[in-house]
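# Structural overview for review
Residues per chain, in single letters:
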Amino acid sequence: MTVVGLREWVALPDLGVAGLRAKIDTGASTSSLHATDIEPFERDGEKWVRFTAHLGTVVQLRHRRCEAPLVARKTIKSSNGHAQVRYVISTTLALGDRFWRVEFTLACRKSMRYRLLLGSKALIDGQLVVNPGIKYVQDKPAFPASTTSATGVA
């Protein structure tokens, strides 16, 4: 098991995204990525989704147009009890020296401090344990070549 803090640097190499701060949230089961301009479409008979991933902070805005195969649409209940239907994608997450597939719901998180929330399912799949007294203990992940057909479309 790898120990992580409440905040960690991550990358989404299949989407061409690096240097993203993530909030580790053991209270959320699913992971979430800040996305807008979400458009479902078909490619070769398969369902895909195109979206703008917002990657920077409120002060230092960055965004990237991305495409990924659509895994599902899920109804997610937020911490304030509000239910919302969200698109779900699966992509490779890099954290420290570890890489694994994680499902992310695409949601508007513009009022949130962190653009990426890493939920408990991803923590279990990545065999991570959280020490809530520390932050940024893992090195920033290396940025490898893409490993799937999901694309970051600059």
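Preceding this section is the structure that the text describes.
Read on for a plain summary of the structure. Per chain, the residues get numbers from 1 upward, laid out in the order the sequence is written. Since the coordinates come from a predicted model, pLDDT governs what is reported: local features require at least 70, and pairs of side-chain atoms require 80 or more to be given and counted, while whole-chain, interface and lining totals use all residues. The side-chain figures draw on all heavy atoms in the structure; neither hydrogens nor water molecules are used.

This paragraph deals with the overall build of the chain. In this text, helices come from DSSP runs of H or I with a minimum length of four residues, and strands from runs of E with a minimum of two, each type numbered from the N-terminal end. Across its full length, the chain holds 1 helix and 11 strands. Along the chain, from the amino end to the carboxyl end, the secondary structure elements read β-β-β-β-β-β-β-β-β-α-β-β. Buried, partly exposed and exposed residues are distinguished by accessible area as a fraction of the type maximum, computed with a 1.4 Å probe on protein chains only: under 20%, between the cut-offs, and over 50%, respectively. By the burial criterion, 44% of the 154 residues in the chain qualify as buried. Should any heavy atoms of two residues lie within 4.5 Å, those residues are considered in contact. Considering only contacts within the chain whose residues lie at least 6 apart along the sequence, 60% involve residues at least 24 apart. When the accessible surface of the chain is summed, it comes to about 8100 Å², and 51% of that surface belongs to carbon and sulfur atoms. For accessible areas, the Shrake-Rupley method is used with a probe of radius 1.4 Å. Any residue's cover is judged against the shown protein chains and nothing else.

Pairing of aromatic rings covers Phe, Tyr and Trp, the last counted by its six-membered ring, and requires centre-to-centre distances within 6.5 Å; plane angles under 30 degrees mean stacked, over 60 mean edge-to-face, and any other angle means tilted. In the structure shown here, the tally under the stated rule is 2 aromatic pairs. Measuring from centroid to centroid gives 5.7 Å for Trp9 and Tyr136, while their planes differ by 40°, and the two rings are tilted. Note that Trp9 is positioned in strand S2 (residues 7–12) and Tyr136 in the loop between strand S10 (128–130) and strand S11 (151–152), a separation of 127 residues in sequence. Their ring planes at 40° and their centres at 6.3 Å tell us that Phe41 and Trp48 sit as a pair that is tilted. No difference in accessibility class separates Phe41 from Trp48, as the two residues are buried. Residue placement shows Arg43 over the ring face of Trp48; its charged tip is 4.3 Å from the ring centre. For a Lys NZ or an Arg CZ to count as sitting over a ring, it must be within 6 Å of the ring centre and within 35 degrees of the ring normal. Here the basic side chain of Lys140 rests over the ring of Trp9, its NZ or CZ set 4.1 Å away from the ring centre.

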